[in-house]
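# Results of the structural survey
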There are 2 protein chains.
Amino acid sequence: MGIQQMSDLSSQVLELMRRRQSVRKYSDRPVEREKLERCFEAARLAPSACNAQPWSFVAVTDREILSRLRENLFNKPYHMCAFAREAPVLVGLIAEPTTFWPTVGGLWRGVKFPLLDLGIAGEHFVLQAAAEGLGTCWLGWFNEREFKSILRLPRKKKVAALLSVGYAEADDPLRDKIRKPIDDIRTCL
Amino acid sequence: MGIQQMSDLSSQVLELMRRRQSVRKYSDRPVEREKLERCFEAARLAPSACNAQPWSFVAVTDREILSRLRENLFNKPYHMCAFAREAPVLVGLIAEPTTFWPTVGGLWRGVKFPLLDLGIAGEHFVLQAAAEGLGTCWLGWFNEREFKSILRLPRKKKVAALLSVGYAEADDPLRDKIRKPIDDIRTCL
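Right, let's walk through the structure included here. (Residues numbered from 1 in each chain as written. Chains lettered and ligands numbered in written order. Predicted model: local features only at pLDDT ≥ 70, side-chain atom pairs only at ≥ 80, totals over all residues. Heavy atoms only, no water.)

### Some remarks on the relation of the copies chain B and chain A
This is how the line gets drawn: To superpose the copies, least squares is applied to the C-alpha atoms of every residue with a pLDDT of at least 70 in both.
In screw terms, the move from chain B to chain A is a rotation of 180 degrees and a rise of 0.0 Å along the axis, fitting with an RMSD of 0.0 Å. On the angle and the small slide along the axis, the relation comes out as a two-fold axis.

What follows is the structure in structure tokens.
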């Protein structure tokens, strides 16, 4: 990759991160399977502690299953995320058990590496989706018990988060991001 | 952004994720401050539960401080990460306390949202760094107590991970990624 291309890429990636926003209004345009697959490939490539890859993903587009998820995941007290009922795709992000060393090391360090790793992999999905022209929203607040029951997942599985995925409604403009000033979050020594 | 550009972007982002790899051999070429700043800007833009942005970052490039970190962070039993002594920049990723609702919701859901959020923000940094031509490595295994002591950070701060940052040595080739097959990690319903 030449220097000019690299330089273009750095602007484009930063611009992509500026344009990525949590989409809470979805059109009913279906999501192309190949786009979804590239998002999963992006997640698959993510780094993780000791390369344990402690994650799995369940994407639901089936009308009947989706309809049951919509009915059961976002009732009170989870109604804050009721917008996700409109999304044509729901993806469950499962924190799988990690391998021996990250488990032991995580106990020693007081850091649950699978959760950190799932954030990394999930955001690979989200950024690839943004590059595909898709909107997503991270959802931490939903009825996990119902999700596992409807999808017949073992009760011990940890569905740490969902992603709603779809095309944003045409009238969903790019919003200004509300973020802390850089000097509040970054020190250089 | 036109359709052709979007389509290019989706290939480029996926290719960037394919080319990003954990760099463990650093040249002594210094990292330009403006590149580092764009990486922090990328992290700043990341999404988080209730937009709490429960993170802060400390970048160390100062020769004297760096020298003390190199001497003290990666001794036994942390010597697995001793390669990070060669990196011209070390960045501490601090999981800051989140706001009321993600705290309560996280207890209810059994998910430490600040850790998930830090994975997201840290990977924004890592991907922007890759786009800038920089190498990074996530480090979960280091002497956190020494890190806080040398940087005079309060003992209660949680330095969940470090990132080593720098230019890869010229003889550090692109490796094949070892990852689980997609069918082992992704189900579509």
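### Here's the deal with helix α4 (residues 100–109) of chain B
Note on helix geometry: an α-helix contains 3.6 residues per turn, so any two residues three or four positions apart are oriented the same way. So the rule is basically this: Type-normalised accessible area, obtained with a 1.4 Å probe on protein chains alone, sets the label of each residue: buried when under 20%, exposed when over 50%, and partly exposed for intermediate values. Under the DSSP-based scheme used, a helix requires at least four consecutive residues in state H or I and a strand at least two consecutive residues in state E, with every element numbered from the N terminus. This arc corresponds to the set of directions leading from the helix axis out to the C-beta atoms. Contacts are residue-level and defined by heavy atoms, with any inter-residue pair within 4.5 Å sufficient.
Taken as a whole, α4 of chain B has its buried residues at Pro102, Gly105, Gly106 and Arg109 of chain B. Across the axial projection of α4 of chain B, the buried residues extend over an arc of 105 degrees, all falling on one side. Every exposed residue of α4 of chain B that faces more than 90 degrees away from the buried side is listed here: Phe100, Leu107 and Trp108 of chain B. Buried positions along α4 of chain B lie against α6 (144–150) and β4 (158–166) of chain A together with α5 (113–131) of chain B. With its phi angle positive at about 70 degrees, Gly110 of chain B sits one or two positions after the end of α4 of chain B.

### Looking at the pairing of strand β2 (residues 89–95) of chain A
Residue and element names in this part refer to chain A. Note the threshold: At least two bridges found by DSSP between two strands are what make those strands a pair.
Of all seven residues in β2, seven are buried; the element is thus mostly enclosed. Burial along β2 is two-sided: the face carrying Val89, Val91, Leu93 and Ala95 and the face carrying Leu90, Gly92 and Ile94 are both buried. Here six bridges tie strand β1 (residues 55–60) to β2, and the two strands are oriented antiparallel to one another. From the neighbouring strand, Val60 faces β2, where its bridge partner is Leu90. In the sheet, β2 pairs with β4 via seven bridges, with the strands oriented antiparallel. The residue of β4 that forms the bridge with Gly92 is Leu162.

### Points about the pattern of salt bridges
All names here are of chain B. The criterion, for reference: Salt bridges are defined by distance alone: a side-chain nitrogen of Lys or Arg within 4 Å of a carboxyl oxygen of Asp or Glu.
Under the defined criterion, the tally for this structure stands at 24 salt bridges over all chains. Between Glu96 and Lys157 there is a salt bridge, with the nearest N and O atoms lying 2.9 Å from each other. Residue Glu96 is located in the loop between β2 (89–95) and α4, and its partner Lys157 is located in the loop between α6 (144–150) and β4 (158–166); the two are separated by 61 residues in the primary sequence. In this structure, the salt-bridge partner of Asp183 is Arg186, at a minimum N-O distance of 3.1 Å.

### A few points about the sheet that holds strand β3 (residues 135–139) of chain A
Definition in use: For helices, the fitted axis covers only the stretch in contact; all axes are lines through C-alpha atoms, and the angles between them, taken along N-to-C directions, range from 0 to 180 degrees.
Taken in spatial order, the five strands make up an open sheet running β3(A)-β4(A)-β2(A)-β1(A)-β5(B), and their pairing is mixed. Because the sheet does not close on itself, it has two edges, and the strands there are β3 of chain A together with β5 (186–188) of chain B. Each strand axis lies, on average, 20 degrees off the axis of its neighbour in the sheet, ignoring direction. The strands that helix α5 (residues 113–131) of chain A touches are β1, β2, β3 and β4 of chain A; relative to β3 of chain A, the one it contacts most, it runs at about 160 degrees.

### Observations regarding the environment of Asn72 of chain A
Residue and element names in this part refer to chain A. Which entries qualify depends on this criterion: Within 3.5 Å is the distance limit for a polar contact, defined as a pair of N or O atoms, with the added protein rule that one can donate a hydrogen and the other accept it, and that residues adjacent in sequence qualify only through two side-chain atoms.
Summarising the element assignment, Asn72 is placed in helix α3 (residues 63–72). Sequence separation between Asn72 and Ser56 is 16 residues, and the spatial gap between their C-alpha atoms is 22 Å. Contact partners of Asn72, with chain neighbours within four places excluded, come to Asn143, Glu146 and Ile150. A polar atom in the side chain of Asn72 sits 2.7 Å from the backbone oxygen of Arg68.

### Quick look at the interface of chain B and chain A
What counts here: Accessible area, probed at 1.4 Å, shrinks when two parts are joined; the buried area is that loss added up over both.
Contacts between chain B and chain A engage 76 residues on the former and 76 residues on the latter. In total, chain B and chain A occlude about 6,900 Å² of area from one another, counting both sides; carbon and sulfur atoms represent 63% of this. Taken together, the connections running from chain B to chain A amount to four salt bridges. Here Glu37 of chain A and Arg186 of chain B are joined by a salt bridge, their closest N and O atoms 2.8 Å apart. Here chain B is connected to chain A by 48 residue pairs in polar contact (both at pLDDT 80 or more). Within the residue set of the side of chain B that touches chain A, elements represented by two or more residues are α1 (3–19), α2 (33–44), β1 (55–60), α4, α5, β4, α7 (182–185) and β5 of chain B.

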